[in-house]
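Analysis of the macromolecular model
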Amino acid sequence: MSDPFVWFWSGMIFASIAWYAFLLFWLGVKGGYEIFHMIKVLSRPDAGETPP
Amino acid sequence: MLTSIDWSIIVVYIVGCTVAGLWMRKYVRNVDDFAVAARKMDVNLGVASLAATEVGIVTVMYTAQMGFTNGLAGATTGVLTAFAMLVVGITGFIIVPLRNARVMTIPELFENRFGKRVRWLAGLVVILGGVLNMGVFLRAGGDFLMNITGMDSRAQLFEVAILGSTFPVGYLELIMTGLLAIVLVYTVLGGMLSVLITDYLQFLVMGMGIVLTSVLVMSSIGWSNLISGLDEAHRSGEKYAAAVKPEDEALKARVEAVREESGPKAARQYQEDQGWERGARLKASAKELAAQRVLVDTSGEKPTNPANLKPPAPATMAHPFNPFASKGMGWAYVLWQAIMAFAVVTTWQTTVARVLAARDARTAKRVYRGTWFYFVGRWCLPGLWGAAAFYYFATHGGLPEGVGSETAMPRYLGILLSGSFTGFLGLMIAAMLAAEMSTDSGYLLTWATVIYNDLVGPCLRKPLSPRAKLLTVRLLVLAIGVFLVFWGLWYQPPGSIWEYLAVTGNIYLASLFALLVGALYWRRANSWGAVAAIVLGAAGPIAFLVVNFLVGKDSPYRLSGEASGLAAFGLAFAGLIVGSLVGEATGLARAVPIPTSHRSDSSKETGP
């Protein structure tokens, strides 16, 4: 089909699947690391105090 | 239908999530830890949490419904939202000054500029719009689970009597109450910290389910088959509409004749009888119509809510690619959705909660830049499933009995996934449970924080102790949960999911968006303008509800969603400007200058 909208939506859908698959791996690793870091910070006795 | 492997996947997911959520409770020491995770959230966790919260089963249901009725063009709102997210992520529009203000909720910001009353009024609008909006989540989630597993949502197991009222309980009510109870336990105990951890797990499970299902849908139908099939369905639908137009016009003329002769009540009855007669004919010829790519929606014949009773009706495919030419959409719709997209990404409290929990303004912007394209998939992928459901049923003899545009997608996925690899259906159900749980937890926490911070807090003469504050917020989360069980499962509003969500959401979005822009960027905005913006912004959606209720279903005087939506934004901004100018002229309005820390100043962005 030569309809530009078809090309547009096809691009969006294929890119979405690829992006979701990439995010799964990327955030799986990076997000996991950040959770460990956040828990480490929260485990400190002064963690609840936020700067003004 | 579910195998032992499917069940194992579901049970492992639920137990894992609950344990992780409960584990975080030991780090909660005060309201700051509970409501905004002590502002320790970093970029990637923020992206995962925001993405998980913004995709619930209800999202999947209405985006798939748009795909079923408008094909791929139904995902236009997703593209507009992604664009708005990217622009805000690059410019920091609203979110940078909001994060720099170090507030816990949006109404808290208004107190500094417009006074306590405006904060309280804004809090009330946020709660009304937000909690009512959430009211539809449980039922929509339950409908999805019932249809994908093939369970009967109308089957009644027993009745519960509370305060003299009886509540019928079926599988749907039982499962969704149990699910909400799990979410409540970890949200009440761990607050935002539990929400972040469980959102992360839920993001992984949900993402896996969405990607695998989309690939399976595309490979089972074939991309070029789907595109040509949708195009053919649209053309056939137009032919069908042209063929029945004379019959529709003749019926209209007969209804008018009855109205003139016997009054409006008789005309309504006549029209209803004719509708059921025609519905019976449609149902009898459903197979022949499916061969012409026209489906027959019978979901209204036996609805769970008698107010939604309607005869079988034809379901045709609008223009599946061009949103400006697609039925029910068009230029005004796209414009409304574009404005709403900017309002949603800057104003919707559950989205903004991630901005407020971010380590700094720079992190908040990075979260937006990291999430923007996710919003395209949030609409496009469930929309693809909905469009594929239309294609599948049109090529397989029509919709099953009792299935309509809302439930076609889960029914289709149930058929497709149970016929694929073992465990696939279990993964998809776990993915959708993840979507539901992450949305519920995020929303429960957000609305409880707003109630405490902006409605209860300002009314207290003496501030509560940190312990009492924490207990109050926890009790509020619990109270909203209990309210939702009854409102969401036993009360059902008439109309479609999207209409309900759009109207309840618009009550909040138009007012608060205008107010936020005024508070942060317009020096002359004052308390009079703020009150006028809140009242007039809510007037548009409420007028939509009242007028459409009064004029009836088929009246030419019905207000369209886009007209009322655009009017709401226009009225809110007009109220802000005119109210502020009048307030300034009288000298009675409260007008505090914009604090320098609230301004959109990149030098305020701290962090690495």
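Residues numbered from 1 in each chain as written. Chains lettered and ligands numbered in written order. Predicted model: local features only at pLDDT ≥ 70, side-chain atom pairs only at ≥ 80, totals over all residues.

**A short note on the overall build of chain B**
In plain terms, the rule: In this text, helices come from DSSP runs of H or I with a minimum length of four residues, and strands from runs of E with a minimum of two, each type numbered from the N-terminal end. Throughout, the radius of gyration refers to the C-alpha atoms, and the reference size of a globule is 2.2 Å times the residue count to the power 0.38. Each residue is classed by its C-beta neighbour count within 10 Å, where at least 20 other C-beta atoms makes it buried, 12 or fewer makes it exposed, and intermediate counts make it partly exposed; the C-beta atoms are placed from backbone geometry. Remark: residues whose backbone-derived C-beta atoms lie within 7 Å of one another are considered to be in contact.
A count of helical and extended segments in chain B gives 23 helices and four strands. The C-alpha radius of gyration of chain B comes to 25 Å, within 12% of the 25 Å expected for a compact globule of 608 residues. Within chain B, the proportion of its 608 residues that are buried is 56%. For chain B, the proportion of contacts with a sequence separation of at least 24, taken over those separated by at least 6, is 83%.

**What to know about the overall build of chain A**
The helix and strand inventory of chain A stands at one helix and zero strands. Classification of the 52 residues of chain A by burial places 23% in the buried group.

**Some words on the interface of chain A and chain B**
The condition that has to hold: For this classification, Asp, Glu, Lys and Arg are treated as charged, while Ala, Val, Leu, Ile, Met, Phe, Trp, Tyr, Cys and Pro are nonpolar and the rest, including Gly, are polar.
Taken together, the contact between chain A and chain B spans 26 residues of the former and 36 residues of the latter. Across the side of chain A that touches chain B, the residue classes break down as 18 nonpolar, five polar and three charged.

**As for the environment of Leu172(B)**
Residue and element names in this part refer to chain B. Tracing the backbone shows Leu172 in helix H10 (residues 171–221). Note on Leu172: 22 C-beta atoms within 10 Å, which makes it buried. C-alpha separation for the pair Leu172 and Gly142, spaced 30 residues apart in sequence, amounts to 5.3 Å.

**Concerning helix H20 (residues 466–490) of chain B**
So the rule is basically this: An expected span of 1.5 Å times one less than the residue number is assigned to each helix.
Given a rise of 1.5 Å per residue, 25 residues ought to cover 36 Å, and the 36 Å separating the end C-alpha atoms of H20(B) matches this to within 8%. All of the buried residues along H20(B) are Lys469(B), Leu470(B), Val473(B), Arg474(B), Leu476(B), Val477(B), Ile480(B), Gly481(B), Leu484(B), Gly488(B) and Leu489(B).

**Comments concerning helix H11 (residues 223–262) of chain B**
Applied cut-off: Bend, at a single residue, is the angle you get between axes fitted to the 7 residues ending at that residue and the 7 residues starting at it.
For H11(B), which comprises 40 residues, the first-to-last C-alpha distance of 54 Å matches the rise-based estimate of 58 Å (1.5 Å per residue) to within 8%. The largest bend along H11(B) reaches roughly 40° and is located at Val244(B), with the proline Pro246(B) sitting one to four residues downstream. When H11(B) is considered as a whole, its buried residues turn out to be Leu226(B), Ile227(B), Gly229(B), Leu230(B), Ala233(B), His234(B) and Gly237(B). Among the structural elements, helix H1 (4–43) of chain A together with H10 and helix H17 (374–394) of chain B are those in contact with the buried residues of H11(B). Of the residues flanking the end of H11(B), it is Gly263(B), one or two places downstream, whose phi is positive at about 100°.

**With respect to the nonpolar core**
Heads up, the condition is: Take the buried Ala, Val, Leu, Ile, Met, Phe, Trp, Tyr and Cys residues, join any whose C-beta atoms are within 7 Å, and the set you get is a nonpolar core.
By size, the foremost hydrophobic cluster in this structure holds 209 residues, and its most contacted members are Phe390(B) and Leu515(B). Discounting residues that sit within four places of it in the chain, Phe390(B) has contacts with Phe68(B), Ala233(B), Leu295(B), Met317(B) and Ala408(B).

**Here's the deal with unusual backbone geometry**
Residues and elements named next belong to chain B. Notably, Ile94 is not glycine yet its phi reads approximately 70°, a positive angle. Along the chain, Ile94 falls in the loop between helix H5 (76–91) and helix H6 (95–100). Of the residues examined, Ile94 has 24 C-beta atoms within 10 Å and is grouped as buried. Non-glycine residue Arg293 carries a positive phi angle of around 65°. Tracing the backbone shows Arg293 in the loop between helix H13 (286–291) and strand S3 (295–297).

**Considering the environment of Ile221(B)**
Residue and element names in this part refer to chain B. Looking at the element boundaries, Ile221 is found in helix H10. Residue Ile221 is classed as partly exposed on the basis of its 19 C-beta neighbours within 10 Å. In sequence terms Ile221 and Lys252 are 31 residues apart; their C-alpha atoms lie 40 Å from each other. Ignoring anything within four residues of it in the chain, the contact list for Ile221 reads Leu226, Ala388 and Tyr391.

**Considering the confidence of the model for chain B**
Residues and elements named next belong to chain B. As a reminder of what qualifies: Per-residue confidence from the prediction method is given by pLDDT, with values spanning 0 to 100.
The pLDDT averaged across chain B works out to 83; a share of 91% of its residues lies at or above 70. Note that pLDDT drops below 50 for residues 598–608; the model gives that stretch 24 contacts with residues more than four away or on any other chain. Under the prediction, the complex receives an ipTM of 0.86, its pTM being 0.83.

**With respect to the packing of helix H8 (residues 116–134) of chain B against helix H19 (residues 424–456) of chain B**
Residues and elements named next belong to chain B. Inclusion rule: Every angle, taken between N-to-C directions, lies between 0 and 180 degrees, and every axis is a line fitted to C-alpha atoms, over only the stretch in contact when it is a helix. Orientation is classified from the angle alone, with under 35 degrees giving roughly parallel, over 145 giving roughly antiparallel, 65 to 115 giving roughly perpendicular, and any other angle giving oblique. Definitions for this section: a left-handed crossing has its near helix turned counterclockwise from the far helix by less than a right angle. A right-handed crossing has that turn clockwise.
For the pair H8 and H19, interaxial distance at closest approach is 9 Å and the crossing angle is 160°. Taken as axis vectors, H8 and H19 run roughly antiparallel relative to one another. Crossing of H8 over H19 shows left-handed handedness. Side by side, H8 and H19 meet where Arg119, Trp120, Gly123, Leu124, Val126, Ile127, Gly130, Val131 and Met134 of the first sit next to Tyr443, Trp447, Val450, Ile451, Asp454 and Leu455 of the second. Classifying every residue of the contact of H8 with H19 gives 11 nonpolar, two polar and two charged.

**Here's the deal with the environment of Met176(B)**
Residue and element names in this part refer to chain B. Looking at where Met176 falls in the secondary structure, it is placed in helix H10. Judged by local crowding, Met176 falls into the buried class, with 26 C-beta atoms found within 10 Å. On a C-alpha basis, the gap between Met176 and Leu201 in space is 20 Å, while along the polypeptide they are 25 residues apart.

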